[in-house]
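Given next are the chains, with one letter for each unit.
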Amino acid sequence: MDFTAPPFESSVSGQSGMLVYDDGTAEFAEGEYPIPSENYEETYTDAEFQETQTFLADGGDRFGVSAITFDLQEELLWMGNQGGHVTSYYGPGMQKYTSFQVHADQDVRQISTFDEGILALTKSTLRCQVRRGVPVFTHSSENMLEMQCMLPMAPATIVMGGHQDKLILFDVAQAVETGVVRVGDNGCAIIRRHGRYLCTGDPLGVVELRDPNSLQLEHTLEAHTGSLSDFDVHENLLVTCGFSQRPGGMSVDRLLMVYDLRMMRAISPMQVLVDPLLLRFLPSFSSRLAVVSAVGQFQLLDTVALDEPDICLYHTNSAGAMCLTFDVSSNCQCMAFGDSDGSIHLFTSHTEALFNAYSRDVTFADPVETLPPLSISDNITPFSTIPMPYCQSRLASDWPEELLRKAYRPTPVIDPATLKNLKMVGNIGYAPNPGGLRRNQVAYKLEKSSARGMKKIYGSDSSRSKDDSSFVAIPKKYRKIEVKYSKMGMDDFDFDYYNKTGFAGLEATLPNSYCNAMLQVLYYIDKVRAALESHLCQREFCLACELGFLYYMVDHSQGFPCQASNFLRAFRTIPEASALGLILSDENNSKKNANLTRLIQNWNRFILHQIHFEILDAKKCESYLELAKAESQGPVTAPFVYQEKDFPSIMGSGIRNSRNYKEETVEAVELPQECEESIEGATIEETELSSIFSTRQTNIHKCLKCQKEVSKESTQFLWNLTYPDASQGKVPVSFCDVLTKSLSPEQVTPAWCEGCSKYQPTKQSRRISQLPPILALNCGMDNPGDKEFWQTQMDLLVQKAQETAQSNKDETSASSAPPPSSKPCRYGDKCMRPGCRFKHAGRPGEAASSSNSQLYYTNAWLPLHIKADLGENGQLFIRKKTDFAPGDSSASEPDAPLPFESSQHVEYDLQSVVCYIHDPINPDKKNLVALVNVGPRYHERSLGSPVSQWYIFNDFSITPVQAQEVVWFSLDWKVPCVLYWISKELKSQPEPLIQNPITIDVFSEDNNLARNGRKMITFTPLSAEEMPSEGELVAMDAEFVTLNQEESELRSDGKTNTIKPSHMSVARITCIRGQGTQTGEPFIDDYISTSEQVVDYLTKFSGIKPGDLDANFSSKHLTTLKSTYQKLRFLVDIGVKFVGHGLKNDFRVINLVVPSEQVIDTVHLFHLPHHRMVSLKFLAWHFLGTKIQSVTHDSIEDAKTALQLYHHYLKLEASGGLTAALKDIYQAGKRMQWKVPGIE
């Protein structure tokens, strides 16, 4: 992988470990993860170097690559591993050339090439080999104890050094040592050649300059205080990297030490962005330097100070392996890296790179004569053309005699028409040939059982028996997945089968969960996620707060699916959402009858404005409170009430109040839909959301009679794509042209003119003044006209591609490669599925259809990258940005010149697409999916590898997909709804910081909502000294009520099948002190107010009675779910350990993710594998001798009992009697039938 960055700025220099990425796309192979390889032809073509090869070297499954060298005479790359094995590879294609072992167990430490062969240095030996693999000699002596490095001094002389006190001069021609020079106890770990000196470096950070003839010491440079990692010398500069002594040990020096060999003194050091481990000068450049870190990052930098130096930062696809060695080719066109996992990574400057400027020819082995290939479908060539060795014994393919018997084909029945004309001559009958068969030819009657079986399988659905034209083959990853419920609920459902990525999906069992796709889209935008997770306000039902809580869960769920129940609960209470028709009822037909395409686009428009105004209100409240506090006005309350008038745009023309129209600048003007969606007014307060989504614009209304012009400044978050009229015919129109017209529309409509005092034709136009960092688009596509236009444009692109391919085919020879075909069908020519999109051998016209499907896939109308230019006067020019593959003929086509001078240039990458999946066979299975380009920061957090990859988010199913599949649409089942484009500038910005808004103040902001005068306080609030710390115990229990009953059906075998589980809501939460002087005393005992209808209070199991959750009648400590939720979040954040019974279900209904190491569940502590779970009531009776839950459940009693059981568990574990106690309770349970005496 390679990454490039904008010009170096001072704000970047202070950051450590920063990765700057150019393009966010990477290609994963279908069904595999992590990425074994990448498509280098579609991305990063603007970089100086590209990673063109990543492969496992010989022995790489056992040993890492310890030495790597480019051959200076031939086009070969030499590799030595830690197992003493050497392998060479030919050319940039890395074709294996030779491979041989140079030592039984010592690692290869350096490889050097010369005219006749190579030299491989190990710990105690020097091996010489011919390039073809023939060994010449192996030298070892008592002087070679811990060798590390070598350097050619003359055509036949080398000098060797290591972690020993001597340098060894060696004659390669005679294979003898010619001299030994003492260098001190520190030894010599690195040797480099300079024109005037032989430079050696020892492990303690000292570089010594010696005379190249006598090897006597002349100068000493103390480069690093800790250790020397690597150094290189070129012309008059010597650059080193290493470690420095710091308190507590050595640390990497981020500064490269630079020495001028003319003056023998240090000059200004050079700062790098990576932790330097290895470095090399690039031979073809006098001032370029390559610096490599241990994790595979490397940076190219100039030793000459520039005004605006470029940061060239790259990363090898090493998957976390340590980089052990690297080398640069003599012509600086290739760089090779070897890592500890045994992989080799080759970076080249272009596709036809060479290792040397002038290389001699490589000697290859004579080709082995092979037999001509025989196609498996060849029915003409006899098998006797392949010679078979003659042998007397039985062949391995011979069947045993007992399994063989002679069977003759039965004589076929003669056709009655033939018998009718038969004439007998003796005992032989003669008849004329009816013409259907050749002479001596008989038709076999093939069995049709298999075909009938296939028809039965695929024709069993009565809905397809009459008309199969509506059948559409939808891939599994796009289909709606139904959760299979069992008696364990969802606990035994295998979510990992549908998600192997490490990212968290969202469950879709609750009403209005159609918005899961958009929730995932917003989550994978860094600034949106950071703004929401840092937001907190006092409003009970705030979507921004609930989204922040949800995204916090997604961050910490470690790939397990989350449930947006609290967000959907708040969403159902927003009156604007209900007025816009965004809230679906819980009836089965509500989603079935809903237009999901229009619904998700309206939801997208609503959520952006809603979150913006909620964050804006919170900022206003905060500033007002700070101002009041500064003026010593005492405690104040927030004066801002969230009213419908705060939404002047998203409510639509049918909902807005008539008095709002009187406040418009131009009265009686029917604005287009986009103007209605804009935030009215010339000024708007900035929020985190508006800073990345808002497009500043000017709406202009010009009377065509009196030429009076009225303009109005506004800001818009979202745009609707408007398509040309279908009456124009089949005219090619690019997506960029449609987008340009949608952003800058013009229309003439009658409107009231103040100058003329009557209705006049008015030209309405929009002028963009600033493009947003994120361009959010609604595609429309909810009417046949939009779909017809989109399909027409795709057809025209495919038609153009076919014409181009045909013209290229006519120009090339007949031996050119055939066009690619699709995957073959698993059923072959027996496939009975109508509309099957796979290839079927032997069917006429199949090749053409396969080619067409491939052309639709590769020629998408929607581009992955676009660039937009904005002029001073609002002119807008958008065009497609294509990353051409090297050698592509189309790459020679230059961009069209701009018709104006650009004042703002933005390059956008497609970030996410929300698609509507329509199944015509099962209309109730329609759903929405999101295709999101997950950035490197998310991959680094969850997988440790900073890469980018497209994924399809289908509720809790997450699958990696290729980038081309994102922009491919089959409008009969896959329809685009929402597009998000993100600018490269925003992607390159540092990751925004998240400030946890939940502090200890949540325990002091508790209000009782009960209006009844009789208020029962059953808990003692925590004091400041009692606040739990990390690792301390808190006992917890929760009680629930039912909002919707479970739906189930009775199967034919008499068992019940759960269709939809019951919808539970938390009604009471209790937390008890686990230590201190008041151990066992509750500090939270909140009853949760609910505005939704409760169908069952479950009083027998929850202790909740009708009226307890109603503020008008309740005598309990009644509060909001958000208030109590913040307290639990604070306890989770500080690291307390929760003790309880069945806490997994409690936290699931509360909608809170708690790390497993912070949960102590007694249901698992007192449990034997492969046995039933034991109830809290039975555990308390058996171990504690107490009877609980005699009449009803009480959460305080249950939490105290769980805490006592945990202390009893610790005593049993300390005494070693835990296993015996568990066996005893299961025996008692079987004997008592798990019933407590005197209660049940």
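In this numbering scheme, every chain counts its residues from 1 along its sequence in written order. It should be noted that, the model being predicted, local features are given only for residues of pLDDT at least 70 and side-chain atom pairs only at 80 or more, the latter also being counted only at that level, while totals for whole chains, interfaces and linings use all residues. Side-chain metrics in this entry use all non-hydrogen atoms of the structure; hydrogen atoms and water are not considered.

### Focus: the overall build of the chain
The following threshold applies: Numbering goes from the N terminus for both helices and strands, where a helix is a DSSP run of H or I of at least four residues and a strand is a run of E of at least two. Relative accessibility decides the category of a residue: with a 1.4 Å probe and only protein chains considered, values under 20% of the type maximum give buried, values over 50% give exposed, and everything between is partly exposed. Should any heavy atoms of two residues lie within 4.5 Å, those residues are considered in contact. Note on areas: Shrake-Rupley with a 1.4 Å probe; residue coverage comes only from the protein chains shown.
Across its full length, the chain carries 27 helices and 53 strands. The buried share among the 1240 residues of the chain stands at 49%. A separation of at least 24 residues holds for 61% of the contacts in the chain among residues at least 6 apart in sequence. For the chain, the accessible surface area stands at approximately 62000 Å², while carbon and sulfur atoms represent 51% of it.

### Concerning the packing of helix α5 (residues 516-523) against helix α11 (residues 596-630)
Formally: Each axis is a line fitted through C-alpha atoms, and for a helix only the stretch in contact is used; angles between axes span 0 to 180 degrees, taken between their N-to-C directions. Working definition: roughly parallel below 35 degrees, roughly antiparallel above 145 degrees, roughly perpendicular at 65 to 115 degrees, and oblique for all remaining angles. The crossing is said to be left-handed when, going from far helix to near helix, the turn is anticlockwise and less than a right angle, and right-handed when the turn is clockwise. Under the convention adopted here, Pro, Cys and the residues Ala, Val, Leu, Ile, Met, Phe, Trp and Tyr are nonpolar, Asp, Glu, Lys and Arg are charged, and Gly plus all remaining residues are polar.
Between α5 and α11, the shortest axis-to-axis distance is 10 Å and the interhelical angle comes to 45°. Taken as axis vectors, α5 and α11 run oblique relative to one another. Here the hand of the crossing between α5 and α11 comes out right-handed. In contact with M518, L519 and L522 of α5, α11 contributes I600, W603, N604, I607 and L608. Of the residues contributing to the contact of α5 with α11, the split by class is seven nonpolar, one polar and no charged.

### Section: the confidence of the model for the chain
Low pLDDT marks regions whose predicted coordinates should not be analysed in detail. The criterion, for reference: The predictor attaches a confidence to each residue, called pLDDT, with possible values from 0 through 100.
When pLDDT is averaged across the chain, the result is 81; 82% of the residues are at 70 or more. Every residue in residues 813-821 scores below 50 in pLDDT, and together they form five contacts with partners more than four places removed in sequence or on other chains. Low confidence marks residues 884-893, where pLDDT is under 50. Its contacts with residues over four positions away, or in another chain, come to six contacts.

### Things to note about the sheet that holds strand β29 (residues 334-339)
Under the convention used in this document: A strand pair is defined by DSSP finding two or more bridges across the two strands.
Strand order in the open sheet formed by four strands is β2-β30-β29-β28, with antiparallel pairing between adjacent strands. Taken across any chain shown, the strands that pair with only one partner, and hence form the sheet edges, are β2 (50-56) and β28 (323-328). Ignoring strand direction, the axes of neighbouring strands in this sheet form an average angle of 15°. Sheet topology note: the β2/strand β30 (residues 343-348) ladder contains six bridges and is antiparallel. Bridging across to β30, L56 finds its partner in S343.

### Quick word on the environment of S694
Cut-off, in case you're wondering: The term polar contact refers here to a pair of N or O atoms within 3.5 Å; inside protein, the definition further demands a hydrogen-donor-capable atom paired with an acceptor-capable atom, and it admits residues adjacent in sequence only when both atoms are side-chain atoms.
For S694, the position within the fold is in the loop between α14 (690-693) and β33 (695-703). Sequence spacing of S694 and L775 is 81 residues, and the spatial spacing of their C-alpha atoms is 8.5 Å. Beyond its immediate sequence surroundings of up to four residues, S694 is in contact with L689, T715, Q716, F717 and P772. A polar contact of 2.3 Å, which involves the side chain of S694, links it to the backbone oxygen of S690.

### Here we look at the side chain of R210
Mapped onto the elements, R210 comes out in strand β17 (residues 206-210). Taking relative accessible area as the criterion, R210 reaches 4% and is therefore assigned buried. Within polar-contact distance, the side chain of R210 engages the side chain of E208 at 2.8 Å.

### Observations regarding the packing of aromatic side chains
Counted only if it meets this: For Phe, Tyr and Trp, rings pair up if their centres lie within 6.5 Å, where Trp contributes its six-membered ring, and each pair is then called stacked (planes under 30 degrees apart), edge-to-face (over 60) or tilted (otherwise). In this scheme, the term charge over a ring applies when either NZ of a lysine or CZ of an arginine sits within 6 Å of the ring centre and within 35 degrees of the ring normal.
Taken as a whole and judged by the stated rule, the model has 50 aromatic pairs. For the pair Y523 and Y524, a centre-to-centre distance of 4.7 Å together with 85° between the ring planes defines the contact as edge-to-face. A residue is classified by how much of its surface remains accessible, and Y523, at 5% relative accessible area, is buried. Ring pairing ties together the aromatic residues F503, Y523, Y524, Y551, Y938, Y951 and F953, which thus form one cluster. Positioned above the aromatic ring of Y938 is the side chain of R941, whose terminal nitrogen or guanidinium carbon lies 4.6 Å from the ring centre. Sitting over the face of the ring of Y552, R1129 holds its NZ or CZ atom 3.6 Å from the ring centroid.

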